[in-house]
Amino acid sequence: MIPHWSELPDEDGDDGSGSMVRPYTITRGRTAPERDDLTLITLLTTVEDEARAALARGTRSGPRALQPEHRMILEHCLRPAAVAEVAAGLDLPVSVTKILLGDLISQGLLLARAPLSVARASGGVDLGLLTAVREGLRRL
C-alpha cells in the first residue's frame, strides 16, 4: 500500500504546523476544481474496465498521470461513495479531493451521480421510507 502524504518523512524541515504545501503539490498547483457540480453527497463509482486499463499502464508523467491519491480514490469507489467519504478516506481537504475527482471523471475513470438519480435508477424513491425516517428524526 502506498503511504498517505501525511505519513511521508519530513524532508523540508517543516515544523509540523500543517502546511498546505503537499496538497498543493498533489493538485499540481490547481486551487479550484474544473467542475463545480460536485457536492458533498455526490455519489462516485469507479468505471472498472477503464480504471483497470489505466492502472495497468502504470505511472507515467504528464497531466493525465495517476498519482497515488488517484489510485486510492479508484479503489475506494469500487462501491459507490460520497465525495465527503472519499475526502475523509484520503484525509485531504474536500477542495483538494474535488480537484482529484475531476481529473478522474474527465479521464472517464470515475462516474459522478447526484444521489436522487441513483435512487430513481434503482426503482424510485421510497416515500414510505423517507416519511418513516423523517418521523423518527422528529421524535429525537
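This text goes with the structure placed above it.
About the cut-offs
- Residues numbered from 1 in each chain as written.
- Predicted model: local features only at pLDDT ≥ 70, side-chain atom pairs only at ≥ 80, totals over all residues.
- Heavy atoms only, no water.
- Helix = DSSP H or I, 4+ residues; strand = E, 2+ residues; numbered from the N terminus.
- Buried < 20%, exposed > 50% of the residue type's maximum accessible area, 1.4 Å probe, protein only.
- Contact = heavy atoms within 4.5 Å.
- Areas by Shrake-Rupley, 256 points an atom, 1.4 Å probe, with all protein chains shown as cover.
- Pairing = 2+ DSSP bridges.
- Axes fitted to C-alpha atoms, helices over the stretch in contact; angles between N-to-C directions.
- Parallel < 35°, antiparallel > 145°, perpendicular 65-115°, else oblique.
- Patch = residues over 30% accessible without salt bridge, like charges linked within 9 Å, V, L, I, M, F, W, Y side chains within 5 Å.
- Salt bridge = Lys/Arg side-chain N within 4 Å of Asp/Glu carboxyl O.

Caption draft 1: Seen up close, the overall build of the protein. Per the secondary structure count, the protein includes seven helices and three strands. Helices and strands in the protein line up, N terminus first, as α-β-α-α-β-α-α-β-α-α. Burial statistics for the protein: of 140 residues in total, 31% are counted as buried. Pairs at least 24 residues apart make up 75% of the contacts formed inside the protein by residues separated by at least 6 positions. Counting only carbon and sulfur atoms, one obtains 56% of the accessible surface of the protein, whose full area is about 9,000 Å².

Caption draft 2: Spatial organisation of the pairing of strand E1 (residues 43-46). Where E1 lies against strand E2 (residues 81-82), two bridges are found, and the strand directions are antiparallel. Each bridged residue has a counterpart across the sheet, and for Leu43 the counterpart in E2 is Ala82. Pairing between E1 and strand E3 (residues 110-113): four bridges, direction antiparallel. Bridge pairing in E3 links Leu44 to Ala112.

Caption draft 3: Region of interest: the environment of Asp49. Relative to the helices and strands, Asp49 is located in helix H2 (residues 48-56). With 60 residues separating them along the chain, Asp49 and Leu109 place their C-alpha atoms 8.4 Å apart.

Caption draft 4: Highlighting the packing of helix H4 (residues 83-90) against helix H5 (residues 94-106). Orientation of H4 relative to H5, taken along the N-to-C sense of each, is 105 degrees, at an axis distance of 9 Å. Here H4 lies roughly perpendicular to H5, going by the angle between them. Contact with H4, carried on its side by Val83, Val86, Ala87 and Leu90, involves Val94, Thr97, Lys98 and Leu101 of H5 and no other residues of that element.

Caption draft 5: Quick peek at a nonpolar patch on the surface. Among the surface-exposed residues, Leu129, Val133, Leu137 and Leu140 lie close enough to one another that they form a single nonpolar patch of about 460 Å² accessible area. Note that Val133 resides in helix H7 (residues 127-139). The partly exposed category is assigned to Val133, whose relative accessible area is 44%.

Caption draft 6: Structural view of the pattern of salt bridges. What the rule picks out here adds up to two salt bridges. A salt bridge links Glu135 to Arg134; the nearest nitrogen and oxygen atoms lie 3.3 Å apart. The exposure class assigned to Glu135 is partly exposed, which follows from its relative accessible area of 29%. Where Glu135 meets Arg138, a salt bridge forms, and the shortest distance between an N and an O atom there is 3.2 Å. Here Glu135 pairs with Arg138, and both are found in helix H7, just three residues apart, close to one helical turn. Owing to a relative accessible area of 60%, Arg138 belongs among the exposed residues under this scheme. Look at the salt bridges and you will find they share partners, linking Arg134, Glu135 and Arg138 into a network.

Caption draft 7: Structural view of the sheet that holds E1. As summarised here, the arrangement of the three strands in space is E2-E1-E3, forming an open sheet in which the pairing is antiparallel. Every other strand in the sheet has two partners, leaving E2 and E3 as the edge strands with one partner each. Sitting on the sheet, H5 touches E1 and E3, and the angle it makes with E3 is about 110 degrees.

Caption draft 8: Structural detail: the packing of helix H3 (residues 68-76) against H5. Running from N to C, H3 and H5 cross one another at 75 degrees; their axes reach a closest spacing of 10 Å. Classified by the angle their axes make, H3 and H5 are roughly perpendicular. Between H3 and H5, the residues in contact are Glu69, His70, Ile73 and Leu74 and Leu100, Leu101, Asp103 and Leu104, respectively.

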